[in-house]
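Observations on the model geometry
Here is how the chains run, residue by residue.
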Amino acid sequence: MATLDQVPASRRVLVLDGLPGRWLRPGWEVVPQSGGGLDHRLASAFAAVAGPVPALLVGMDTPQLAARVLAEPLAPAARAGVDAWFGPATDGGFWAFGLARPDARLAARLLHGVPMSAPTTGAALRGRLAAEGLRVRDLPELTDVDTPATADAVASAAPSSRFAAAWREARAVREVREGQRVQEAREARDAQSALVR
């Protein structure tokens, strides 16, 4: 959210499943996330902001995202002739998707039935964008954080980020806990060995 605060916008909307906490930044409007599969929830998010102003949906699992990556392609001068934005993810999905004129019916046609969290998700959405005849501006490909391996990759790509610091701390805690478990297992083994002698 801190990154998106740096991108010029007339409205900032967080589509949320649950209640916002103290972490909610000023200037953000909260819209409840709808039910259903991710394809329906994403379409509903666009329906909630339907109108003549562009809307860009950004996943929260790309902490390496820099504001400059979005500021230029979303600037008014760069929007001419663009109907949609697509940010591909390295796993075949997408980290961002936007519509120049969000519309509930268009969002449903584009998203309903797209297999989510699959290696073919991005290709399926691109196919739908092409079938609608929409002019798409591609955003850079990013890695989204889905596994410890992708978290390592993202932390390495943005080593001074808050995410990288938090990930290093989480890994350090895990290593300490694993070390404690190994030590406890050794002590238990040694105790059993001592009883057998």
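Before going into details, it helps to say that this report is about the structure given with it. In this text, all values refer to a predicted model and were calculated from it rather than measured experimentally.

A few points about the packing of aromatic side chains
- This structure, assessed with the given rule, holds four aromatic pairs.
- Geometrically, the ring pair formed by Phe 46 and Phe 97 is edge-to-face, given 5.3 Å between the ring centres and 75° between the ring planes. With Phe 46 in helix 2 (residues 38-48) and Phe 97 in strand 5 (residues 94-99), this pair connects stretches of sequence that are 51 residues apart. By the burial criterion, Phe 46 is buried, and Phe 97 matches it.
- Grouped by ring-pair contacts, the aromatic residues Phe 46, Phe 86, Phe 94 and Phe 97 constitute a single cluster.

A look at the side chain of Asp 144
- Along the polypeptide, Asp 144 turns up in the loop between strand 6 (136-138) and helix 6 (148-157).
- Buried within the structure, Asp 144 lacks any salt-bridge partner; Arg 41 is the closest side chain of opposite charge, at an N-O distance of 13 Å.
- With near-sequence residues (within four places) excluded, Asp 144 lies in contact with Asp 61, Thr 62, Ala 89, Asp 91 and Thr 150.

A short note on helix 3 (residues 67-74)
- Turning to helix 3, its buried residues number three or more, namely Ala 67, Leu 70, Pro 73 and Leu 74. Around the axis of helix 3, the buried residues are gathered within 155° of arc, so they sit on the same side.
- Buried residues along helix 3 sit in contact with helix 1 (2-5), strand 3 (55-58), strand 4 (84-88), strand 5 and strand 6.

A short note on unusual backbone geometry
- One non-glycine residue, Ser 117, lies in positive phi territory at about 55°.
- With respect to the secondary-structure elements, Ser 117 resides in the loop between helix 4 (104-111) and helix 5 (121-131).

A few points about the pairing of strand 5
- Burial analysis of strand 5 places six of its six residues in the buried class, which makes it a mostly covered element.
- Here strand 4 runs beside strand 5; their pairing, made up of five bridges, is antiparallel. Looking across to strand 5, one finds that Gly 87 is bridged to Ala 96.
- Remark: five residues form the turn of the hairpin made by strand 4 and strand 5, two consecutive strands paired antiparallel; Gly 92 in that turn has positive phi of roughly 95°.

Looking at the environment of Trp 85
- By the element assignment, Trp 85 lies in strand 4.
- In this structure Trp 85 comes out as buried when scored by relative accessible area, which is 0%.
- When the C-alpha atoms of Trp 85 and Ala 100 are compared, they prove to be 8.1 Å apart, with 15 residues separating the residues in sequence.
- Among the polar contacts made by the side chain of Trp 85, one reaches the main-chain carbonyl oxygen of Pro 73 at a distance of 3.3 Å.

About the cut-offs
Residues numbered from 1 in each chain as written. Predicted model: local features only at pLDDT ≥ 70, side-chain atom pairs only at ≥ 80, totals over all residues. Heavy atoms only, no water. Phe/Tyr/Trp six-rings, centres within 6.5 Å; stacked < 30°, edge-to-face > 60°. Helix = DSSP H or I, 4+ residues; strand = E, 2+ residues; numbered from the N terminus. Buried < 20%, exposed > 50% of the residue type's maximum accessible area, 1.4 Å probe, protein only. Lys, Arg positive; Asp, Glu negative; His and termini not counted. Salt bridge = Lys/Arg side-chain N within 4 Å of Asp/Glu carboxyl O. Contact = heavy atoms within 4.5 Å. Arc of directions from axis to C-beta. Pairing = 2+ DSSP bridges. Polar contact = N/O pair within 3.5 Å; in protein donor to acceptor, adjacent residues only side chain to side chain.

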